[in-house]
Amino acid sequence: MSEGKIINDPVFGFIKISGGLLMDIVNHRLMQRLRHIKQVGLASVVYPGAQHTRFQHSLGAYYLMSEAILSLQQKGIFIFDSEAEALKAAILMHDIGHGPFSHVLENTLIDGVSHEDISLMMMEEINREMNGNLNMALSVFKNEYPKRFLHQLISSQLDMDRLDYLRRDSFFTGVTEGNIGSARIIKMLNVVDDNLVVDSKGIYSIENYLTSRRLMYWQVYLHKTTVACEKMLVNVLMRAKDLSRQGVQLFSSPALAYFLQNEIDYTKFHDNPEVLANYALLDDNDIYSALKEWSKSDDRVLSLLSRNVVERCPFRVEVSEEPYSEDRIAELEEQLIHATGVTRDEVKYLYKVSTIQKDMYDITDDHITILFKDGTMKDIAEASEILNVQLLSKKVRKYYLCYQRI
């Protein structure tokens, strides 16, 4: 049995990892891989401090889960020791399936397979190696366990995942407006009829949480320069895939070469263990190493885009409230062909049109329910004095046109 550890975290201070199963998970090769995957993808091109990793985030979410379990137990909510361990194990592994640069490449190297799907596959592999000791953790993670509120602590509008990444990403980017009162929110959590609720004294913290979350999305995660760099990286890899499948030999790690040369969809990922084995070897370093070599490629599209990423020369970005017309796209293509000398078949790699939509609070998702002293309960949209359902659920849609600078 492995010994426990105390880890010094810049956001929450000392985090104690219990010995045995939980420490075995932390030390597992699939968890350690997360040390080499940035939490916020390419946001560091805008916020240089955003160098933190998925591994750090997983430890932070584990800490918050430990605090939430303790707080609920102190309120008389019965959570068995085995359930507490399962919750901690599940939250440690909840992001284990992320690929290089987190969400950026989710539908580029592979098609139709989400990081949640891959996380579950990796958790099942670890469970087999650990002789079924993660059965309960998997049951809670998949929302198959009888106590529904346990799953809500892992995945809901107020889960420990969100509470950590907002605090952590705010800290490392320096966007202080995104900071949330995670400690107070956790202290205000309660359970009624097997559902997670928030005591009414925590309503102001929830209001701040929702507004901070909206700010972080548009100021950090969906910042126009971040989006431009992400689209550029996607286009680099699409070009590399197309060249590889035409027989062009490109520098890459064996794991990256596997995904460049093979079309991987949901069925292949689930049916062929070789796919998961190669995926588990991928991290940010594979991509960066390839980009540095590709920047010297004889292929002008691949070399141009690779240099852009390595030397931080992002696509120019236009943001609109309305979709871009076909005439505008056709005009842009002509300008890019004329300025760069690429062919009409190649010009598609030099721009990207995207529609990005985000709401502040999804009323069709798990509701955030406020519990009042008299036992009545209201949704936050109804209970808040400053927020209303129209404002909360309004879907903000923006159209991004990202293209090579000319």
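Scoring rules and cut-offs
Residues numbered from 1 in each chain as written. Predicted model: local features only at pLDDT ≥ 70, side-chain atom pairs only at ≥ 80, totals over all residues. Heavy atoms only, no water. Pairing = 2+ DSSP bridges. Helix = DSSP H or I, 4+ residues; strand = E, 2+ residues; numbered from the N terminus. Axes fitted to C-alpha atoms, helices over the stretch in contact; angles between N-to-C directions. Contact = heavy atoms within 4.5 Å.

## Quick notes on the pairing of strand E9 (residues 395–403)
- In the sheet, strand E5 (residues 316–320) pairs with E9 via five bridges, with the strands oriented antiparallel. Bridge assignment links Glu 318 to a residue of E9, and that residue is Leu 401.
- With nine bridges joining them, strand E6 (residues 351–359) and E9 adopt antiparallel strand pairing. Residue pairing in the sheet places Gln 357 in a bridge with Arg 397 of E9.

## What to know about the pairing of strand E2 (residues 13–17)
- Two elements, strand E1 (residues 5–9) and E2, share five bridges in a ladder whose sense is antiparallel. Residue pairing across strands places Asp 9 opposite Gly 13, the latter belonging to E2.
- Hairpin geometry of E1 and E2 is characterised by an intervening segment of three residues between the two adjacent antiparallel strands.

## As for the sheet that holds strand E8 (residues 377–379)
- Taken in spatial order, the four strands of this open sheet run E3-E4-E7-E8, and their pairing is mixed. The open sheet is flanked by strand E3 (189–192) and E8, the only strands paired with a single partner. Between one strand axis and the next, the sheet turns by 45° as a mean value, whatever way the strands run.
- Strand direction decides the pairing type here: strand E7 (residues 369–371) and E8, joined by three bridges, are antiparallel. What sits directly across from Thr 369, in E8, is Asp 379.

## Side note on the side chain of Gln 404
- Mapped onto the elements, Gln 404 comes out in the segment after E9.
- Residues within four places of Gln 404 in sequence aside, it is in contact with Leu 304, Leu 305, Asn 308, Phe 315, Leu 336 and Leu 350.

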